[in-house]
Amino acid sequence: MESSSQVHERAGQDEAAERQAGSPGAPVSLVREISQMWGEHFSGHEVGADDDFFALGGNSLTGIKIIEQVVRDYGVQLSVRDFYLAQTPARVAELIEKGRART
């Protein structure tokens, strides 16, 4: 039987491993969610964590829709400038994590 400290330590390691596998500061699960969200806005195409918003055909209307969905789903307001500079689901997920940490 494992002690609670061993279980807690392992859970922390799992979370750290998940963060390391994705972008720094963003769990892999969040990166996946953001990639899927982008896919919905790009006619259901599969979007990878490092796919570029503009290379996918992103425009200002699509950007605004994604930003609005981030506010609804995650309670984090991204500036248009920050969103466009981020350019990838992984980096947007990182911005969401930073926004969550501020609240």
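Predicted model only: the values in this text are computed from it and were never measured. (Residues numbered from 1 in each chain as written. Predicted model: local features only at pLDDT ≥ 70, side-chain atom pairs only at ≥ 80, totals over all residues. Heavy atoms only, no water.)

Trainee: Sorry, what's going on with the nonpolar core here?
Mentor: For soluble globular proteins, the rule of thumb is that nonpolar side chains tend to be buried together. In terms of nonpolar packing, the biggest core is built from 22 residues, with Ile-34, Trp-38, Val-70, Tyr-74, Phe-83, Val-92 and Ile-96 touching the most fellow members. Breaking this core down by element, the ones donating at least two residues are α2 (28–41), α3 (60–74), α4 (80–86) and α5 (89–102). Filtering out sequence-adjacent residues up to four positions away, Phe-83 remains in contact with Trp-38, Phe-53, Gly-63, Ile-66, Ile-67, Leu-78 and Val-92. (Core = buried A, V, L, I, M, F, W, Y, C linked by side-chain atoms within 4.5 Å. Buried < 20%, exposed > 50% of the residue type's maximum accessible area, 1.4 Å probe, protein only. Helix = DSSP H or I, 4+ residues; strand = E, 2+ residues; numbered from the N terminus. Contact = heavy atoms within 4.5 Å.)

Trainee: Please explain the confidence of the model for the protein as it appears in this structure.
Mentor: Interpreting fine coordinate detail is not advised for predicted regions of low pLDDT. Residue-level pLDDT values for the protein average 83, and 75% of them are 70 or greater. Here residues 2–23 scores under 50 on pLDDT; set against residues more than four positions off or in separate chains, the count is 14 contacts. (pLDDT = per-residue confidence, 0-100.)

Trainee: Before we go on, may I ask you to explain the packing of aromatic side chains in this structure?
Mentor: The description of two aromatic rings rests on the distance between their centres and on the angle between their planes. Tallied over the full model, the rule gives eight aromatic pairs. Ring centres of Trp-38 and Phe-83 lie 5.8 Å apart, and the angle between their planes is 55°; on these two criteria the pair is classed as tilted. Of this pair, Trp-38 sits in helix α2 while Phe-83 sits in helix α4, and the two are 45 residues apart along the sequence. For the pair formed by Trp-38 and Phe-83, the shared burial category is buried. Aromatic ring contacts, followed pair by pair, group Trp-38, Phe-42, Phe-53, Phe-54, Phe-83 and Tyr-84 into a single cluster. (Phe/Tyr/Trp six-rings, centres within 6.5 Å; stacked < 30°, edge-to-face > 60°.)

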